[in-house]
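Structural features, examined
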Amino acid sequence: MSQPYILVLYYSQNGSTKDLAYLVAQGIEDSGTGIAARIRTVPKVSSETEKVAPIIPDEGDLYATMDDLKNCVGLALGSPTHFGNMAASMKYFWDNSVTIWLAGDLQNKPASVFTSTGTMHGGQETTLTSMMTPLLHHGMVIVGISYSEPALNTTSQGGSPYGASHVSGAKHDHIMSADEKTLAIAQGQRLAKIAKALQAL
């Protein structure tokens with residue numbers, strides 16, 4: 001029997017959301033649950049339709065497949081904020097998950113969300129809640145960050161009960177704060193522990 005895993009699925013343009021994905025994955029791996037983190041991304045959607053993106057990217061993380069999604073025991077979903085919503089590339093991935101939805105493959109599995117923005121009030125919370133919408137349609141159980149995490153009360157940049165986040169700056173050159181890192185790792189740990197508990201039901 002293969003090791004159970006949580007799919008850490010992200011899209012990143014300038015690296016900030018990718019950095020969060022790896023911190024969430026660290027939390028999953030360090031949770032003591034025996035659940036692994038499987039990190040995947042999605043290809044960029046282009047207005048040019050003359051060619052198709054390769055199945056395996058030239059560099060970086062592998063692209064997610066529907067099998068990655070179908071066989072996970074939980075999901076951490078991340079996207080940068082585009083006008084208060086998830087990026088089109090991530091939305092396109094979910095728009096093509098109808099087969100998984102019809103089969104009910106994600107029902108009762110836990111999921112969490114994370115994001116990054118260039119500015120403090122750049123739509124982090126609306127992006128996080130918008131990413132929850134397709135997950136709710138798939139019947140997933142949404143997992144946020146509990147206020148038992150002290151960093152949620154001390155953060156002056158990213159991080160919310162809706163999910164981990166990072167304020168990257170207009171030029172995407174802001175270093176991630178200690179609180180932002182702590183909350184991303186805590187999110188991964190909590191997600192893994194809830195996934196483990198749900199597996200036992």
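Just above, that's the structure.
Residues numbered from 1 in each chain as written. Predicted model: local features only at pLDDT ≥ 70, side-chain atom pairs only at ≥ 80, totals over all residues. Heavy atoms only, no water.

Digging into the pattern of salt bridges
- With the rule as written, the count across this model stands at three salt bridges.
- In this structure, the salt-bridge partner of R38 is D68, at a minimum N-O distance of 2.9 Å. With R38 in strand β2 (residues 36-41) and D68 in helix α2 (residues 66-70), this residue pair connects regions lying 30 residues apart in the sequence.
- Judged by relative accessible area, D68 falls into the buried class, the value being 6%.
- Put simply, K91 and D95 hold a salt bridge, and the shortest N to O gap is 3.0 Å. Of this pair, K91 and D95 both sit in helix α3 (residues 88-95), four residues apart, which is roughly one turn of that helix.
- Given the relative accessible area of 45%, D95 is considered partly exposed.
- A network of salt bridges, in which partner residues are shared, links R38, R40 and D68. (Salt bridge = Lys/Arg side-chain N within 4 Å of Asp/Glu carboxyl O. Helix = DSSP H or I, 4+ residues; strand = E, 2+ residues; numbered from the N terminus. Buried < 20%, exposed > 50% of the residue type's maximum accessible area, 1.4 Å probe, protein only.)

Examining the environment of S165
- You can see S165 is positioned in strand β7 (residues 163-167).
- A relative accessible area of 1% places S165 in the buried class.
- Residues S165 and S16 lie 149 residues apart in sequence; the distance between their C-alpha atoms is 9.3 Å.
- Those residues within four positions of S165 in sequence are excluded, and the remaining contacts are L20, T115, Q124, G158, G159 and E180. (Contact = heavy atoms within 4.5 Å.)

Comments concerning the packing of helix α1 (residues 16-29) against helix α7 (residues 178-199)
- Here α1 crosses α7 at 45°, and the two axes come no closer than 6 Å. Judged by the inter-axis angle, α1 sits oblique to α7. Read as a crossing pair, α1 and α7 show a hand that is right-handed. In contact with L20, L23, V24, Q26, G27 and I28 of α1, α7 contributes K181, A184, I185, G188, Q189 and A192. (Axes fitted to C-alpha atoms, helices over the stretch in contact; angles between N-to-C directions. Parallel < 35°, antiparallel > 145°, perpendicular 65-115°, else oblique. Left-handed = near helix turned anticlockwise from the far one by under 90°.)

Quick look at the side chain of T115
- In this structure, T115 sits in strand β5 (residues 110-117).
- Here S79 takes part through its backbone oxygen, which lies 2.5 Å from a polar atom of the side chain of T115.
- With residues up to four places along the chain from it excluded, the contact list for T115 reads L20, S79, P80, T81, Q124, T127, L128, M131, A164, S165 and H166. (Polar contact = N/O pair within 3.5 Å; in protein donor to acceptor, adjacent residues only side chain to side chain.)

Read these as spatial facts, not as claims about activity.
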